Amino acid sequence: MIKTQKNKFAMYDAVSAYLDDNSSKFLLNEELNTHHASFKEALDAIAGREDLRNKSTKGRTQEKTVTRASVTSQALAIAGALYAYAKKSGNISLRESVKYTHTSLDSQRDNVLIIELNSLKDKAIENKGILEKYDITPEKLEKYTSNIESYSNALGARSTGKASKSGAIKSLVTLFRDASSILDSIDRLMENYNVGEEQFYSGYKAARVIMDLGKRHKAEVEKTEQPTVVNT
């Protein structure tokens, strides 16, 4: 996924999670329930398509337990090396794309984190020769790649079964268009709760905002990540 798609997918996921957590509010709304189910299927298809894109090797790695903390630590080490190289070489685009922190990664839901981990992997492979100067060896990159796949498999995530098959048929652009179309209808169905369920409605609107998760501000406090709203 490109950056704008990752930001949009994070919003999609936040909306779906919010509706899951507040499903009792629209228990009797048959259409909203149906649209929410369709929306989740659309997200499964997107995640499945992205997962298939990232699985470039035919052989399967041996199953093993990989924790979120361990693979995140590997990611931060690789991102740190890429950041240092990008800063030294004046590659602003690369520098901004790998400006990860513990806070920014820890705050992401599992399926969004996996997308970020794979995005970082692709950048690392592109610069693997340079990374050796920063003690990020091919062996470390291979282990990181293996751990991402093992972690994804351990989650039993949206990368298997019908979701993968559905995602393989359509392009990401089409899948995002499908999800946005469903979300557009959900937006209108949610207007029913603007009066009488103001807190539920406001929470939905807050989740519905797309954030630029890769952007940081100069006036950070203790280096905490401050997402920037790019559109709604």
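In short, a report on the structure. (Residues numbered from 1 in each chain as written. Predicted model: local features only at pLDDT ≥ 70, side-chain atom pairs only at ≥ 80, totals over all residues. Heavy atoms only, no water.)

### A short note on the packing of helix α3 (residues 68-89) against helix α6 (residues 110-126)
Packed helices, taken two at a time, are described by the angle their axes make and the gap between the axes. Taken N-terminus to C-terminus, the directions of α3 and α6 make an angle of 35°; their axes are 10 Å apart at the nearest point. The chirality of how α3 crosses α6 is left-handed. Each of Arg-68, Val-71, Thr-72, Ala-75, Ile-78, Ala-79 and Leu-82 in α3 lies in contact with α6, whose residues at this interface are Asp-110, Leu-113, Leu-117, Leu-120, Lys-123 and Ala-124. Among the residues making up the contact of α3 with α6, the classes are represented as nine nonpolar, one polar and three charged. (Axes fitted to C-alpha atoms, helices over the stretch in contact; angles between N-to-C directions. Helix = DSSP H or I, 4+ residues; strand = E, 2+ residues; numbered from the N terminus. Left-handed = near helix turned anticlockwise from the far one by under 90°. Contact = heavy atoms within 4.5 Å. Nonpolar A, V, L, I, M, F, W, Y, C, P; charged D, E, K, R; others polar.)

### What about helix α11 (residues 198-207)?
For α11, every residue scored as buried is listed here: Phe-200, Tyr-201, Tyr-204 and Ala-207. Summarising the axial view, the buried residues of α11 lie within an arc of 125°, below the 170-degree limit, and thus occupy one face. α11 presents Gln-199 and Ala-206 as exposed residues on the side facing more than 90 degrees away from its buried surface. (Buried < 20%, exposed > 50% of the residue type's maximum accessible area, 1.4 Å probe, protein only. Arc of directions from axis to C-beta.)

### Brief notes about the pattern of salt bridges
Inspection of the entire model under this criterion finds ten salt bridges. Overlapping salt bridges bring together Arg-95, Glu-96 and Lys-99 as one network. (Salt bridge = Lys/Arg side-chain N within 4 Å of Asp/Glu carboxyl O.)

### Details of the packing of helix α1 (residues 3-21) against helix α10 (residues 172-190)
One way to put it is that α1 packs onto α10 with a least axis distance of 12 Å and a crossing angle of 40°. Viewed along their axes, α1 and α10 adopt a mutual orientation that is oblique. The hand of the α1/α10 crossing is left-handed. For the pair α1 and α10, the contacting residues are Gln-5, Lys-8, Phe-9, Met-11, Tyr-12, Val-15 and Leu-19 in the first and Leu-172, Val-173, Phe-176, Ala-179, Ser-180, Leu-183, Ile-186 and Met-190 in the second. Per-class residue counts for the contact of α1 with α10 are twelve nonpolar, two polar and one charged. (Parallel < 35°, antiparallel > 145°, perpendicular 65-115°, else oblique.)

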